[in-house]
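Spelled out from the first residue to the last, the chains are:
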Amino acid sequence: MSQTPMRAAHAPAIESLRRQFFDGGDVPDAGLPATVLRSWQRCQRLGMENTERGRPSNTTRGDLMVARERNAALLSHAGGVMEHLYEQIRASGSMVLLADASGLILHGIGDPAFVDRASRVALQPGASWSECQRGTNAIGATLIERAPVEVFGAEHYLDCNGVLTCSAAPILDCRGELLGALDISGDHRQYQPHTLGLARMGVRLVERRMFESEYARHALFAFHPRPEGVGGLQEGLLAVDADGEIVAADRQARALLGIEAGRSPGLGSFGNLFRNGFGTVISRAGRDPGALMALELRAGATVYARVRVSLAWHVGLQAAQA
């Protein structure tokens, strides 16, 4: 696979912009993604030279083990997703990487030949790819921007990393707290335009698995404004307790409902958000598991939902009623 014509045509322009920025001291007014330019400027303010090989993090094997233990839940839920993503890019000269909130790479899987080349620039578990240590890169930038970032070839701040193309997206919990980043990196000569979309899809799967695990003892409402959206990656998830209190909403649910990220502690009662009675909805879910229900929001719109109620939720309900 070769890089797309658009990226191939863009490569000489990036080199020109680098000379303008690093040699001429001028800030390009066009031609660079805004996220990349902001990152260049941050690195410059740190006094970083583009000719550096990266600043050592002094991370030991023991530090990596501690970090993995601290992020055990993230690793557990991300592992299967990473395997799935790797199957989509196998033999493309790429690898999938998971980093914690500080930029420390916790786990990686990829094509052996590229993994070997990546290790030469320390793109491997145990290395920190925070922006302050590795310059502009997708992992470091996405953790700062809290948004998906793609860094292609010479868009990397450090010359030595110009052989890479990297696409990363941040992993957030339902409270908006940063957990880490999922990254797909490869040889810049084999750039694929769908890679950032794959990284975003992977993050969505990881976040959903973590949400479902954390709130397994609650009723989980999977909903979307369109019936066909329920069951897909764009559905939102709400966790509701036995008293009908909405205790959590994932990132997609907040986006669909227009709720600010990080709003806490709870989101109010089910009845404050929906016109449908909570007891009625739960009863129907018990009679017809998997039923697609139309729920009317107090704001006037209608969404479609499936309700999953686990055995643990029933046990909790019985204990509360005892």
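Please refer to the structure higher up on the page.
Now for a look at the structure at hand. (Residues numbered from 1 in each chain as written. Predicted model: local features only at pLDDT ≥ 70, side-chain atom pairs only at ≥ 80, totals over all residues. Heavy atoms only, no water.)

### Digging into the overall build of the protein chain
- Across its full length, the protein chain carries 12 helices and 10 strands.
- Taken over the C-alpha atoms alone, the protein chain extends approximately 70 × 45 × 35 Å along its principal axes.
- Out of the 322 residues in the protein chain, the part that is buried amounts to 51%.
- Sequence-distant contacts in the protein chain: of pairs separated by 6 or more residues, those separated by 24 or more amount to 57%.
- Carbon and sulfur atoms provide 52% of the accessible area of the protein chain, an area that totals close to 14800 Å².
- In the protein chain, which carries 33 positive and 34 negative side-chain charges, the distance between the mean positions of the two groups comes to 3 Å. (Helix = DSSP H or I, 4+ residues; strand = E, 2+ residues; numbered from the N terminus. Buried < 20%, exposed > 50% of the residue type's maximum accessible area, 1.4 Å probe, protein only. Contact = heavy atoms within 4.5 Å. Areas by Shrake-Rupley, 256 points an atom, 1.4 Å probe, with all protein chains shown as cover. Lys, Arg positive; Asp, Glu negative; His and termini not counted. Charge placed at Lys NZ, Arg CZ, Asp CG, Glu CD.)

### Side note on the environment of aspartate 29
- Mapped onto the secondary structure, aspartate 29 falls in the loop between α1 (5–23) and α2 (34–45).
- A relative accessible area of 78% means that aspartate 29 is categorised as exposed.
- Aspartate 29 sits 12 residues away from leucine 17 along the chain, and the two C-alpha atoms are 9.6 Å apart.

### Some words on the nonpolar core
- If you look at the biggest cluster of nonpolar residues, it comprises 33 residues, and the most contacted ones within it are Leu123, Trp129, Tyr157 and Leu164.
- For this core, the secondary-structure elements that each account for two or more residues are α1, α2, β1 (94–100), α5 (112–119), α7 (138–145), β3 (149–152) and β4 (164–172).
- Setting aside anything within four residues of it in sequence, one finds tryptophan 129 in contact with Gly103, Ile105, Val121, Ala122, Leu123, Arg134, Asn137, Ile139, Gly140, Asn161 and Leu164. (Core = buried A, V, L, I, M, F, W, Y, C linked by side-chain atoms within 4.5 Å.)

### Here we look at the sheet that holds strand β5 (residues 178–187)
- Pairing is antiparallel in the open sheet, where 5 strands are placed in the order β2-β1-β5-β4-β3. Of all the strands in the sheet, just β2 (105–110) and β3 have a single pairing partner and so form its edges. The sheet shows a mean angle of 15° between the axes of neighbouring strands, direction not considered.
- Pairing analysis gives 7 bridges linking β1 to β5, with the strands arranged antiparallel. The residue bridging leucine 98 from the neighbouring strand is leucine 182, located in β5. (Pairing = 2+ DSSP bridges. Axes fitted to C-alpha atoms, helices over the stretch in contact; angles between N-to-C directions.)

### Considerations on the side chain of threonine 35
- Mapped onto the secondary structure, threonine 35 falls in helix α2.
- For threonine 35, a relative accessible area of 18% gives the class buried.
- The contact partners of threonine 35, leaving out residues within four places of it in the chain, are Glu145 and Val149.

### A look at the environment of cysteine 160
- Summarising the element assignment, cysteine 160 is placed in the loop between β3 and β4.
- Classification of cysteine 160 as buried rests on a relative accessible area of 14%.
- Spatially, the C-alpha atoms of cysteine 160 and valine 240 are 50 Å apart, while their sequence positions differ by 80 residues.
- When neighbours within four sequence positions are excluded, cysteine 160 is seen to be in contact with Glu52, Arg53 and Val121.

### Re the pairing of strand β7 (residues 236–240)
- Summarising burial for β7: 5 of the 5 residues are buried, a large majority.
- Burial of the side chains of β7 extends over both faces: Gly236, Leu238 and Val240 are buried on one face and Leu237 and Ala239 on the other.
- Both strand β6 (residues 219–224) and β7 contribute to a ladder of 5 bridges, which runs antiparallel. Paired with phenylalanine 221 across the bridge in β7 is leucine 238.
- Bridge count between β7 and strand β8 (residues 246–249): 3 bridges; the pairing is antiparallel. Looking at the pairing, valine 240 lines up with isoleucine 246 of β8.
- Two successive antiparallel strands, β7 and β8, enclose a turn made up of 5 residues, where glycine 244 displays a positive phi of approximately 85°.

### Thoughts on the pairing of β2
- Across 5 bridges, the pairing between β1 and β2 is antiparallel. Pairing of valine 96 across the sheet is with isoleucine 109, part of β2.
- In textbook terms, the turn of a hairpin is the stretch between consecutive antiparallel strands, and for β1 and β2 this stretch comprises 4 residues, one of which, glycine 103, has a positive phi near 100°.

### Details of the packing of aromatic side chains
- Throughout the structure, instances matching the rule amount to 10 aromatic pairs.
- Seen from their ring centres, phenylalanine 21 and phenylalanine 22 are 5.1 Å apart, and the 85° between their planes marks the pair as edge-to-face.
- Summarising the aromatic geometry, the rings of phenylalanine 152 and tyrosine 191 are spaced 5.7 Å apart at their centres and angled 70° between planes, so their arrangement reads as edge-to-face. With phenylalanine 152 in strand β3 and tyrosine 191 in the loop between β5 and α8 (195–214), this pair connects stretches of sequence that are 39 residues apart.
- Here the aromatic cluster, defined as three or more aromatic residues joined through ring pairs, consists of Phe21, Phe22, Trp40 and Tyr157. (Phe/Tyr/Trp six-rings, centres within 6.5 Å; stacked < 30°, edge-to-face > 60°.)

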